[in-house]
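# Observations on the three-dimensional arrangement
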Amino acid sequence: MWRNPSESFAKIDVKYFARHKGEVNSCVFSPDCQILLTCSDDCRIFLWNAQTGQLLDKVCGHTGPVKACCFSSDSTRFASASHDCTVRVWLTASTQCLHELKGHTKSVETVCFSPDSKLLLSAGWDKTAILWGLQTGDILRRFSGHEGAIQCSTFSLNSQYLATGSWDYTVKVWSLQTEEHVKTLKGHTGNVSCVCISVPGMLASGSWDRTVRVWNPRRGTLIFLLEGHTGWVKSLSFSRDGILLASAGENDMVRVWDMTKGTCLKSLQEQMDLAQQCVFSPCGALLTSGVANSTFKTDSSTEDQARDTDQ
């Protein structure tokens with residue numbers, strides 16, 4: 001973790017976590033940064049105490065590799081997407097499965113909650129995104145139009161629109177007020193691997209082409225083209241005020257960008273074989289997580305000693 005990333009970039013601490021029995025596909029912090037969620041090809045989901053590294057629970061239920069996971073905005077629920085073509089919604093406290101959502105015909109690669117946690121979006125290899133109502137678990141809407149697998153998705157902070165990134169090299173912005181998508185954002189020359197939207201409304205997309213593009217999603221215009229990563233861009237995160245953008249690249253550094261100028265403020269050296277996520281915490285610290293030699297690794301703020309355990 002780096003404190004006050006726009007200023008000092010001082011590294012605080014590093015922790016090591018136990019191994020899954022398969023490749024780790026995704027790892028995410030809860031919005032309060034207290035819990036770390038990991039999912040794997042071993043069909044399981046692990047919950048960790050992000051401060052101590054303690055394994056809190058092992059969650060089973062999927063019958064195929066778990067490809068993506070995410071928390072609700074209040075951290076009380078989490079969702080998982082799987083190669084078994086299903087999405088599951090779980091209670092964080094008890095790990096009870098609330099919903100098993102069926103509607104996809106191929107592997108589900110991305111899942112995200114709406115900011116108010118009333119809706120869930122999932123998408124994947126069937127080139128379709130599905131909007132679910134979480135009170136009943138019913139399908140509310142299907143979004144079709146991508147020509148390749150959908151790898152990533154996100155809601156706007158006001159829940160008026162959402163964005164999906166695809167292996168067709170495009171980002172589509174969909175209105176939740178009308179039946180048509182608003183814009184198709186073209187420019188990437190590789191698969192779009194991650195998308196995020198800032199509080200002011202900027203949309204950032206990262207790609208296998210090693211670039212980050214920052215857009216005005218309403219107008220469909222490019223604001224900044226950010227270059228410098230040597231590996232494909234795995235994760236993006238805006239700071240709470242939208243002034244900073246962090247990007248994590250595969251086998252690469254985490255870069256912090258100034259969104260007022262489109263310039264790189266700092267490159268932060270990783271010690272991971274594969275970066276999985278970067279996120280700004282509520283206090284403004286930048287946290288990163290990833291995989292190092294099959295052992296899960298994350299930056300933390302409490303202890304001075306890193307530990308490596310097998311469970």
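See the structure printed just above.
My aim in this report is to walk through the structure given alongside it, one point at a time. (Residues numbered from 1 in each chain as written. Predicted model: local features only at pLDDT ≥ 70, side-chain atom pairs only at ≥ 80, totals over all residues. Heavy atoms only, no water.)

## Brief notes about the side chain of S198
- Looking at the secondary structure, you find S198 in the loop between β20 (192-197) and β21 (203-207).
- For S198, the contacting residues outside a window of four places in its chain are L157, F238 and G242. (Helix = DSSP H or I, 4+ residues; strand = E, 2+ residues; numbered from the N terminus. Contact = heavy atoms within 4.5 Å.)

## Here we look at the pairing of strand β27 (residues 263-268)
- Pairing geometry for strand β26 (residues 254-258) and β27, over 5 bridges, is antiparallel. Its bridge partner being in β27, V254 is matched across the sheet by L268.
- Linkage of β26 to β27, two consecutive antiparallel strands, is achieved through a turn of 4 residues, within which G262 is found at a positive phi near 75°. (Pairing = 2+ DSSP bridges.)

## As for the sheet that holds strand β23 (residues 221-227)
- Strands sit in the order β20-β21-β22-β23 across an open sheet of 4 strands; the sheet is antiparallel. Edge positions in the open sheet fall to β20 and β23, since each of these has one partner strand only. Averaged over neighbouring strand pairs, the angle between their axes works out to 20° when direction is ignored.
- Pairing analysis gives 6 bridges linking strand β22 (residues 211-216) to β23, with the strands arranged antiparallel. Bridging from a neighbouring strand, R213 pairs with L225 of β23. (Axes fitted to C-alpha atoms, helices over the stretch in contact; angles between N-to-C directions.)

## What about the pattern of salt bridges?
- Applying the stated criterion across every chain yields a total of 3 salt bridges.
- The shortest N-O distance in the salt bridge between R44 and D42 comes to 3.5 Å.
- Relative accessible area serves as the criterion here: at 15%, R44 is assigned to the buried category.
- In this structure D42 comes out as buried when scored by relative accessible area, which is 16%.
- Residue E179 pairs with R141 through a salt bridge whose shortest N-O separation is 3.8 Å. Of the two residues, E179 sits in the loop between β18 (171-175) and β19 (181-185) while R141 sits in strand β15 (residues 138-144), which places them 38 residues apart along the sequence. (Salt bridge = Lys/Arg side-chain N within 4 Å of Asp/Glu carboxyl O. Buried < 20%, exposed > 50% of the residue type's maximum accessible area, 1.4 Å probe, protein only.)

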